[in-house]
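Secondary and tertiary structure notes
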Amino acid sequence: MKVSWNWLGQFVDLGGVSPEELASKMTFAGVEVESIDRLAKADGLVIGEILSCESHPDSDHLRVLQVDEGAKYGIHQIVCGAPNARKGLKVIVAREGAVLPSLTIEKSVIRGVESDGMCCALYELGVDRKFLSEKQCAGIEELAAEAPVGEEDVLGYLGLDDAVLNLKLLANRPDLNAMMNVAEEVGTLLDRPVKLPEFAVKKHVKTAFKVGSETKSCPSFWIREVHGLKVGPSPEWMRRILFSEGIRSIDNVVDVGNFVMLLTGQPLNMYDLDKLPRKELVVRDDCEGDFVAMDGKTYRLVKGDLVVTSAGRGMCLAGIMTSKECEVDGETANVAIEAAVFQGAAIRHTSNRLGLVSESSSRFVKGLNPSQAERVLEIASALLERLCGAVSVSESLAYDALIHEPRLIRTSYDYINRRLGTSFKNEEIASVLRKDHLGVSENGDGINVSVPAYRIDMAEGCDISEEVIRLLGYDRIASRLPSGEAHCRGLSNEQRLVVAIRRYLRGQGLDEVLTYTLVSASEKDRFDYLAGGKGYKLSNPMTADHEYVRRNVLPSLLSTAGYNAAHQIKDLAIFEVSDVDAPNEKSRRLGIVLAGEERLQGGLDLRPYDFYSIKGLFVGLMGLLGLADNRYRIERLRSDKNEFHPGRSAAVYLGKTLIAVMGALHPAALAEYGLSRGAAALELDLSAVLALKTSPEKASVPAKFPSVGRDLAFLVDEKVPYEDIRREILRSDKLIAKVDVFDVYQGANIASGKKSVALSVTILNPEKTLTDSEVSAVMEKAVATIKTRFGAEIRS
């Protein structure tokens, strides 16, 4: 928000206060003044009149001027190259020694002719070129014929002696987007009265115009008709105010709308009444199709965009831009003025989608006074009468579903002091609140505080206490060291394990990444093997790419891998530990993605990442957490999704609960994410794993007696997993210490639907040396088990 010092001074007496002092007071009261700018910066100026203009004897574009600088300084010769320099023109003269933003004026000789000073253009005094016409930028500034020759306060005469305070408003003070409210704030800080301007229309007439709203996103919509306007230039005082606020003057009608918005914070929109297809305006949010805006561009409307319609046709993209069909132009004589309350989220969504951000839309997004529409329309109507010669003004027409009751906050002096850690007297608190335009009344052991409508940031007792301390000063809070015994509790067991997992993976050469919790609609259901039910959807997402709260981490990690691959980083290993939230679930997940090739021996040996790469990390993690392989089981992942490779992926279960999926990616997924060199991935439910109880590792004495190995080959149905066979053999006899597979064969001499499995069985008795008969007995149990359990046929 830009605050003009001169304009502010019309409402509050700023005598004895400099812009820098006020900026300091405002900043310490929680309203940061980011910078103080000057409209123009120059000294040593005087208004002069060109008495004669002769061609330079040694140049075809320079002129030699004799300039009258008034009785004090007399006549001086100046060499000037401006094409519009001529006899009788009143000009701005920078005298010898004058300091301009880019140079200091010195007496000089230009091509043999002495020059004592410089005739100036406004941009040479620091005025931004965007506020100047092509003519002003092409030559020296042409002053009015009545400009007083010899006047030294040139910036004051031109209205350029203003300072502009740039306020950096936080989200909790949108009320300060209005000059009237800034004046109230300054009046409170300086303890000085505030005098706001009065506006009144001569007479209101009846109207048959109709207004309405068919959406909850527009709870208040007000209209006034104004007839008999004469479009023309704005008066100098209004142009100066708009200029200081960074707005270029257009004409008196448009300028009134901008002026009222700056004054009250309420954006206005004006419709050419004679161009409306019907004398009605209705706000809707279900319009679709093309919308031609006043900038001549065509925008596509979608459901959810707020549109002001007339006879079913879009007349305005609410809070953003009027249509070309009913815009106000130089021929406009009759207008309908709109003052509305639009839901900020709806305006922000449309504004961001279309890339149309303006002062008007930003005010709706930040929030504004919902109870000032009638007053704002009265100000605008009165100004149109005064400046545009309006003949008649209608009464206000309104659709208003808002409740305009005074806000009353109940609190107490004791609560305020306890919350602030202060000991302010009751009278001191009540006094500062009343200075802040809040009403204070006793109510038993508490107080009732009435809040003006424009203070939309105040809703409960904590807001009152914050208002007290920011106005009385944060230095009133006593400084003292915190008391109490310090407790060093350290990390919880789960936190220690997560730290250990991160350290382990980094030690394996993986890089940890952080990705967005919010994902797009296309990503929310990808790789959702561990997720159950639906996730959260944001009501008002900033962009379509961040619309849903994710329920899994793999899509985000794969997108990261794809992004790196597109930037020529094709070999990478990354992981992320992240919480996921859903209505019926909250858990911590570990995601790992290995893409491209693993670099071994410093890059001398390259090995493509595959299923066994990711499984090795999983097994290592389980060992790190103290989980033996009999606590979980690994099965083939059965899924009809084109995400994991059907023959190179696995699911991990704890009992009947799925806790992890892992494997090489399906070719379709590789193509989707741009991972042309292959990839493998894992997602693990860390919460489920970390919740398991584990025993401390125990030392075991190496076996004193030798083990015995036997090989076993058999035919079994091809659908029987090796892991099930291994588990049953280990259970068949406690002397079986280990089972390893060394061959799986399907093909010639093997019946269709069958496979040959060859195992190495290790048998060990820790208390004695085994005899052949004991070994044979153990093997007979193992054979009987797989025959009974799986229908296996032993091969000789």
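Residues numbered from 1 in each chain as written. Predicted model: local features only at pLDDT ≥ 70, side-chain atom pairs only at ≥ 80, totals over all residues. Heavy atoms only, no water.

Some thoughts on the overall build of the protein
Applied cut-off: Helix numbers and strand numbers start at the N terminus; a helix is a DSSP run of H or I with at least 4 residues, a strand a run of E with at least 2. C-alpha atoms define the radius of gyration, and 2.2 Å times the number of residues to the power 0.38 defines the globule rule. Burial classes: relative accessible area under 20% of the type maximum marks a residue as buried, over 50% as exposed, and values in between as partly exposed (1.4 Å probe, protein chains only). Two residues form a contact once any of their heavy atoms are found within 4.5 Å. Residues counted as positive are Lys and Arg, residues counted as negative are Asp and Glu, and His and the chain ends are not counted. Lysine's charge is taken at NZ, arginine's at CZ, aspartate's at CG and glutamate's at CD.
The helix and strand tally for the protein stands at 20 helices and 41 strands. For 796 residues, the compact-globule estimate of 2.2 N^0.38 gives 28 Å, and the protein exceeds it by more than 25% at 40 Å. Overall, the C-alpha framework of the protein stretches about 130 × 85 × 65 Å when taken along its three principal axes. For the protein, with 796 residues in total, the buried portion stands at 49%. For the protein, contacts bridging at least 24 residues in sequence account for 69% of all contacts bridging at least 6. Here the protein holds 98 positive side-chain charges and 112 negative ones, and the gap between their average locations is 7 Å.

A word on helix α11 (residues 413–420)
What counts, and what does not: This arc is built from the directions going out from the helix axis to the C-beta atoms.
All buried positions along α11 are accounted for by Y413, I416, N417 and L420. Down the axis of α11, the buried set is contained in an arc of 95°. They therefore lie on one face. Buried-residue contacts for α11 involve β24 (407–411), α12 (426–435), β25 (439–443), β26 (446–451) and α13 (461–472). Phi turns positive one or two residues past the end of α11, at G421, with a value near 70°.

Considerations on the packing of aromatic side chains
What counts here: Stacked, tilted and edge-to-face are the three classes applied to pairs of Phe, Tyr and Trp rings, where Trp contributes its six-membered ring and a pair requires centres within 6.5 Å; stacked means planes under 30 degrees apart, edge-to-face means over 60, and tilted covers the rest. Geometrically, a lysine NZ or arginine CZ counts as sitting over a ring once it is within 6 Å of the ring centre and also within 35 degrees of the ring normal.
Inspection of the entire model under this criterion finds nine aromatic pairs. Between W7 and F11, the ring centres sit 6.1 Å apart and the planes meet at 55°, which makes this aromatic pair tilted. Ring geometry for W237 and F259: centres 5.6 Å apart, planes at 85°, overall edge-to-face. Residue W237 is found in helix α6 (residues 236–244), and its partner F259 is found in helix α7 (residues 252–264); the two are separated by 22 residues along the sequence. An aromatic cluster is present here, built from W7, F11, W237 and F259 joined pairwise through their rings. Over the ring of Y548 we find K524, and its NZ or CZ is 5.2 Å from the ring centre. Note that K641 overlies the ring of Y529, its terminal NZ or CZ placed 5.0 Å from the centroid.

Examining the packing of α11 against α13
Note the threshold: Here, axes are lines fitted to C-alpha atoms. For helices the fit covers the stretch in contact, and angles between N-to-C directions go from 0 to 180 degrees. Here the word oblique covers every angle except those under 35 degrees (roughly parallel), over 145 (roughly antiparallel) and from 65 to 115 (roughly perpendicular). A clockwise turn of the near helix away from the far one marks a right-handed crossing, whereas an anticlockwise turn of less than a right angle marks a left-handed crossing. Polar here means any residue other than Ala, Val, Leu, Ile, Met, Phe, Trp, Tyr, Cys and Pro, which are nonpolar, and Asp, Glu, Lys and Arg, which are charged; Gly is therefore polar.
The geometry of α11 relative to α13 is characterised by a closest axis approach of 9 Å and an angle of 70° between their N-to-C directions. In terms of orientation, α11 and α13 fall into the roughly perpendicular class. The chirality of how α11 crosses α13 is right-handed. Of α13, the residues touching α11 (which contributes Y415, I416, R419 and L420) are G461, C462, I464, S465, E466, V468 and I469. Residues that form the contact of α11 with α13 fall into these classes: seven nonpolar, two polar and two charged.

Section: the packing of α11 against α12
In contact at an axis separation of 10 Å, α11 and α12 are set at 90° when each is read in the N-to-C sense. Put simply, α11 runs roughly perpendicular to α12. Here Y413, I416 and N417 of α11 come into contact with α12, specifically with N426, I429 and A430. Taken together, the residues of the contact of α11 with α12 break down into four nonpolar, two polar and no charged.

Remarks on the pattern of salt bridges
The cut-off we apply is this: One speaks of a salt bridge when a side-chain nitrogen belonging to Lys or Arg is within 4 Å of a carboxyl oxygen belonging to Asp or Glu.
Under the definition given, this model contains 61 salt bridges. Put simply, E374 and R224 hold a salt bridge, and the shortest N to O gap is 3.5 Å. Highlighted residues: E374 in helix α10 (residues 373–388) and R224 in strand β13 (residues 220–227), separated in sequence by 150 residues. By relative accessible area, E374 is classed as partly exposed at 36%. Taking the shortest distance from any N to any O, the salt bridge between D525 and K524 comes out at 2.8 Å.

Section: the environment of V741
Here V741 is to be found in strand β39 (residues 736–745). With relative accessibility at 35%, the residue V741 sits in the partly exposed group. Expressed as a C-alpha distance, the spacing of V741 and V182, which sit 559 residues apart in the sequence, is 81 Å. Discounting residues that sit within four places of it in the chain, V741 has contacts with Y722, V757, A758 and L759.

As for the environment of M779
Topologically, M779 is positioned in helix α20 (residues 772–790). Owing to a relative accessible area of 10%, M779 belongs among the buried residues under this scheme. In this structure, the C-alpha to C-alpha distance between M779 and D711, residues 68 residues apart in sequence, is 9.6 Å. Apart from residues no more than four positions distant in its own chain, M779 is found in contact with R710, L712, V761 and I763.

Quick word on the sheet that holds strand β15 (residues 280–284)
Sheet strands pair by backbone hydrogen bonding; their relative direction is either parallel or antiparallel. As a reminder of what qualifies: Think of it this way: DSSP has to see at least two bridges between two strands before they count as a pair.
One open sheet accounts for five strands, arranged β12-β15-β18-β19-β20; its pairing is mixed. The open sheet has two edge strands, β12 (210–213) and β20 (321–322), and neither has a second partner. Where strand β19 (residues 313–317) meets β20, two bridges bridge the pair, whose relative direction is antiparallel. Paired with L317 across the strands is M321, a residue of β20.

Remarks on the sheet that holds strand β34 (residues 633–636)
Across the sheet, which stays open at both edges, the seven strands sit in the order β27-β30-β31-β37-β36-β35-β34 with mixed pairing between neighbours. The two strands at the open ends of the sheet, each matched to only one other strand, are β27 (511–512) and β34. Examined bridge by bridge, strand β30 (residues 572–582) and strand β31 (residues 585–595) share 11 bridges and lie antiparallel to one another. Bridge pairing links D581 to K586 in β31.

A word on the side chain of T188
Our working rule: Counting of polar contacts relies on pairs of N or O atoms within 3.5 Å, with two restrictions inside protein: one atom must be capable of donating a hydrogen and the other of accepting it, and residues adjacent in sequence are counted only when both atoms are side-chain atoms.
Looking at where T188 falls in the secondary structure, it is placed in helix α5 (residues 179–190). At a separation of 2.9 Å, a polar atom in the side chain of T188 contacts the main-chain carbonyl oxygen of K435. Once residues within four sequence positions are removed from consideration, T188 is found in contact with K435, D436, H437 and L471.

A closer look at the environment of V226
Along the polypeptide, V226 turns up in strand β13. Residue class for V226 comes out buried when judged on its relative accessible area of 0%. When the C-alpha positions of V226 and K781 are compared, they lie 102 Å apart, and in sequence the two are 555 residues distant.

Some points on the side chain of S732
On the secondary structure map, S732 appears in helix α19 (residues 722–732). Residue classification places S732 among the buried residues on the basis of a relative accessible area of 18%. Excluding anything up to four places from it in sequence, S732 contacts K781, A782 and T785.

Examining the pairing of strand β14 (residues 268–272)
Sheet faces and side chains relate simply in a regular strand, where the side chains alternate between the two faces. Buried residues dominate β14, accounting for five of its five residues. Of the two faces of β14, the one carrying L268, M270 and D272 and the one carrying N269 and Y271 are both buried. In the sheet, β14 pairs with strand β21 (residues 335–341) via five bridges, with the strands oriented antiparallel. Bridge assignment links L268 to a residue of β21, and that residue is A339.

With respect to unusual backbone geometry
Residues other than glycine predominantly adopt negative phi, and peptide bonds predominantly adopt the trans conformation. Notably, A311 is not glycine yet its phi reads approximately 55°, a positive angle. Inspection of the secondary structure assignment puts A311 in the loop between β18 (307–310) and β19. Unusually for a residue other than glycine, F527 sits at a positive phi of about 50°.

Notes on the state of the cysteines
Stated precisely, the cut-off is as follows: The disulfide definition used here is simple: a pair of cysteine sulfur atoms within 2.5 Å.
In total, this model carries zero disulfides according to the counting rule given. Between C80, a free cysteine, and C119, which holds the nearest cysteine sulfur, the sulfur-to-sulfur gap is 5.0 Å. C316 supplies the cysteine sulfur nearest to C287, a cysteine that is in no disulfide, at a spacing of 12 Å.

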